[in-house]
Structure formats: C-alpha cells, structure tokens
Amino acid sequence: MEFRTRVGLAFVLLGCFLGGMVALGTFGEVLFPQSTTIPTPGILIDQVVTKAGFQYGPQSWRPSYDPLGIYPGKDVLDNETWYLMFIDLNATPVSGDPNVKRIGSVRLMYNFTDLSGRAVFHVYGLTTGTIPTRTNRQVGYNNCGFIVMGNATGGSSMPAATPLVISGSHQYRIAISNNLLADSDDLTSTTRILWFNSPQSGQGALHITPSLSKRMGAVTETTDQNGSFYVTATGNDPGNDLLLLVAVDRPQPDGFALRVRTEFVRMS
Amino acid sequence: MAIKKPYFSLYEIALLSLCAALIVVLNTTFSLPLKIPGHTGIYWVVPVIIGVGIVKKPGAGTYIGFVSGILATLFGLNTLHIFNLIIYLALGAMIDLVGLLFFYRLDHPAAGFIAGAAGNLAKMVVNFALQTFLGIPAVFIVIGIGAASISHFIFGGIGGIIAALVLSRLLKSGVITRDEA
C-alpha cells in the first residue's frame, strides 16, 4: 500500500474514532444513566440565618473576575439592588482526590420564613494554590442557578448590609454569615477568599441542578419555600469547600429566616 | 561462542532514555495556561516521535513510554501514581504502531500529525479507562468526551508536526540518515 493511501486511511480511522467520541459525548447521559444515589449519613451543616446575615449590598453584581449578574442568565443590571449573604456549606461534591476518591453531589435543603421577593442561590468552590475559585455559570451555555419567590411583605431596611467594592486584583475577602444564629446579633464572622485569574475563569466546574439527571445544571424558579437542590461538579477541581451565596432583591422583614442544611450524596 | 547482539544498541538505549527523560522534563517545566484537555500533547509527543523516528525499530516508542512512565511515577507528575506507567506505555506503543504503519517515515508532516494525534488520543482513552476502573462513574467520563477527543487530536497532531519538522531538519543536516540511526 502506498504511503499516501496509508495516510488517507489513517485519517479516515481517526475521523471515525473522533465521530464516535463526539456521539458518545452527545448521548452519554442517555447511554450511561445516572446510577442510584445514596445520601451519606449525617448532615454537614444545619444553620439558621436571619436578615442580619445579609452583610453586602445593595448592589447589582456578584464576585467573579469581572462582576457577574445575580439573576441566573442575566448580565449585571445596574438598576437592580440585591442584598448578599455568604454561607460556608462545609461540603464539596468531590471527596478528596477526584481521580481516585468518591464523586457525588451536595444536596442543599432550604426552608424560608417570611421571604419577600426573589431569593437567588449561587455557589462558589473554594480552592487552594493557583486554582481560581469556582462558581456556577452565570450566562450562556449550561448556565444555572436556583430562584425562590416569596410573598411576604418587604422590610424597610437591611441595617447590616454595605456594598462590596469591586476589586481590581480580582480577589475578595468575604465575610460568612454562619455564625449569625437566629436569635443572636453576634457579628463575629470569619472570612473566606474568592480569587479569579481570568474572565470566565472557574465557571465550568460547579453546577446547580434541581435533579441529578441534569448534572450540568439548570435554571430553576420556584415558589416552594421549603425545598432542595443539588450542587454537582464536572471537569476540573471543584474546590475543597463550598460557599453558598444567597441574594435577595429587596429588604427583608424582621421575621425573615433561612434554614440551610447540606448532605453529601454519593453515587453508587 | 557467538555473542547475541542486543535488540537495542547502547547508543539507541541512551537516546531512547534521554527522550523519555525529556518528556518528564517538559511536563515539569512547561505549564501552558490553556485549560484545554490534551494541550500538553503539543510537547509531550515530540520526544517519543523523534526517538521512534531515529531508532526505527518496533518497541522504541514502548521503551520510551516505559521509562518515562517510571520517571513520572517517581516524580509524582499526576494523581494516577503507578498507573502513569500504563498511560505512558499506551502513548509510546501507539506511536510505535503508527511508525510501523508509515515505514518510520515520521519526518513527513502528515505521518507526524497522525502519530502525534493517535498517541495523544491513546493516552486519553487509557486515562479515561483507568479512571473508570478506579470508580469514577462513566457518566462523568463521557460528559465532554467529544470536545476532549477533538482537542487531544489537534494538540497531539500539532506536536507530531513539530516532531516531524525536527526530524526532517536532522535528516537534511545529516545528523541522522534514513537507513540507520
């Protein structure tokens, strides 16, 4: 067989292989359906936060390399005013080394009391070293987020909130609200570092989904004041801890409370 | 008593071992901020193709893969530890196979491209197979496997062309010849 014929044949074989891989990637979730999931015994956190937990705002953006919009699928809308709260979930969708340890997801259960207007959930994956902080994709293909609509009467102010300042170094030291118990005014919060190294960085690894059949995430809007969703991870290192961002679009009433519980759900 | 001639001469063993060491050096020193699966193939396949293209014997690529796999395991280049050996072996064996298919004319850019792309894809397939074997659910592996395959193909192919051009220059300058190493 001539050299040129062999080259042609090799390209055809490689083309067939690539075609097969693309088909596998396209229909992979159908061919390999989600196996059964098993919640790991034990709740990772069980926290109740009040309106005092909203330590940031009013503002129209959430942290990333460049400011991101807050409502899923939307860019920054300057006329919007959101109040932000960060909660350390003490959880990660991957346990240990992603190559050799168990992979699963984090199930987050929420219970709102006296929610007024819209509440949006986003997540950040806290990383170490030179790996940028992860977050769920805001706009474009596979963007995701979770929105809860409440009908309580709004409050007049959010006294604990001050706007975040956009960081030129793309690094944010964020105060978490975990220590703000429902009946406490204790504001001795610890902080976490969010760091981004390039536009769009860290937006492909973490996803928010109402169902594990959609591992790449989805945008969900619900009026259910008590519900749950999953945080899943695909691709790169999702980080060693998750930070939950809860954003509300107006001042909340004094009776506002949010209970957050997380559990690790592994795949069998 | 006739002394049995070894399959690889001392010169060939030294050359192949240097190529294997070069893979580890390149992997350690180069850190391209591309964030695209398989992008390391652009330099990873180069020493293997050059080694196979110079020695022109079946098993040369597998030898490079074996030695570089051991070095990568010892230096802890990635998280698969001892399983690195299998990945590097697959890459070397595939380039061996392609070299055989093209009569070791790996100085030709088309043959170099195919050798690099096939080697990088072999590395990817073995890597995914190992991860599945180690308990990663298949659904995680197949999400994005299409894009990963294409990027492995392209970067491996570019690395193969670079290797072919280097081999071509070595031939033209007379450092190596077509008939013998």
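What counts, and where the lines are drawn
Residues numbered from 1 in each chain as written. Chains lettered and ligands numbered in written order. Predicted model: local features only at pLDDT ≥ 70, side-chain atom pairs only at ≥ 80, totals over all residues. Heavy atoms only, no water. Helix = DSSP H or I, 4+ residues; strand = E, 2+ residues; numbered from the N terminus. Buried < 20%, exposed > 50% of the residue type's maximum accessible area, 1.4 Å probe, protein only. Contact = heavy atoms within 4.5 Å. Areas by Shrake-Rupley, 256 points an atom, 1.4 Å probe, with all protein chains shown as cover. Expected span 1.5 Å × (residues − 1). Salt bridge = Lys/Arg side-chain N within 4 Å of Asp/Glu carboxyl O. Polar contact = N/O pair within 3.5 Å; in protein donor to acceptor, adjacent residues only side chain to side chain. Nonpolar A, V, L, I, M, F, W, Y, C, P; charged D, E, K, R; others polar. Core = buried A, V, L, I, M, F, W, Y, C linked by side-chain atoms within 4.5 Å.

**Q** Sorry, what's going on with the overall build of chain B here?
**A** In terms of helices and strands, chain B carries seven helices and zero strands. For chain B, the α and β elements follow one another from N to C terminus as α-α-α-α-α-α-α. Here chain B, with 181 residues, has 52% of them falling under the buried criterion. Taking contacts inside chain B between residues at least 6 apart in sequence as the whole, the part at least 24 apart equals 76%. With an accessible surface of roughly 8300 Å², chain B has 74% of that area assigned to carbon and sulfur atoms.

**Q** Looking at this structure, I do not really get the side chain of His122(A). What am I missing?
**A** Structurally, His122(A) is set in strand 6 (residues 116-126). For His122(A), the contacting residues outside a window of four places in its chain are Arg62(A), Ile70(A), Pro72(A), Asn136(A), Gln138(A), Cys144(A), Ile208(A), Leu243(A), Leu244(A) and Leu245(A).

**Q** Looking at this model, I keep getting lost on helix 7 (residues 145-173) of chain B. Mind explaining?
**A** It helps to recall that an α-helix has 3.6 residues per turn; residues three or four apart then point in one direction. Over its 29 residues, helix 7 of chain B runs 42 Å from end to end, which matches the ideal 42 Å to within 8%, given 1.5 Å per residue. Backbone geometry just downstream of helix 7 of chain B places Gly174(B) in the positive-phi region, at approximately 85 degrees.

**Q** Explain the interface of chain A and chain B to me, please; I cannot follow it from the model alone.
**A** Often, the extent of an interface is quoted as the loss of accessible area on bringing the components together. The interface is formed by 28 residues belonging to chain A together with 31 residues belonging to chain B. The tally of links between chain A and chain B comes to zero salt bridges. Remark: the boundary between chain A and chain B carries one residue pair in polar contact (both at pLDDT 80 or more). Here the side of chain A that touches chain B is composed, by residue class, of 18 nonpolar, five polar and five charged.

**Q** Looking at this structure, how should I read the nonpolar core?
**A** Note that soluble globular proteins tend to have their nonpolar side chains buried in a common cluster. Grouped together as the largest cluster of nonpolar side chains are 60 residues, with contacts concentrated most on Ile49(B) and Phe102(B). Of all the elements in the fold, those that place two or more residues in this core are helix 1 (3-31) of chain A together with helix 1 (10-29), helix 2 (41-55), helix 3 (60-75), helix 4 (84-101), helix 5 (109-133), helix 6 (138-142) and helix 7 of chain B. Look past the residues within four positions of Phe102(B) in its chain and what remains in contact with it is Phe3(A), Arg6(A), Val7(A), Ala10(A), Ala111(B) and Ile114(B). Counting 34 residues, the second largest nonpolar core, distinct from the first, contains Tyr110(A), Val148(A), Leu206(A) and Ile208(A).

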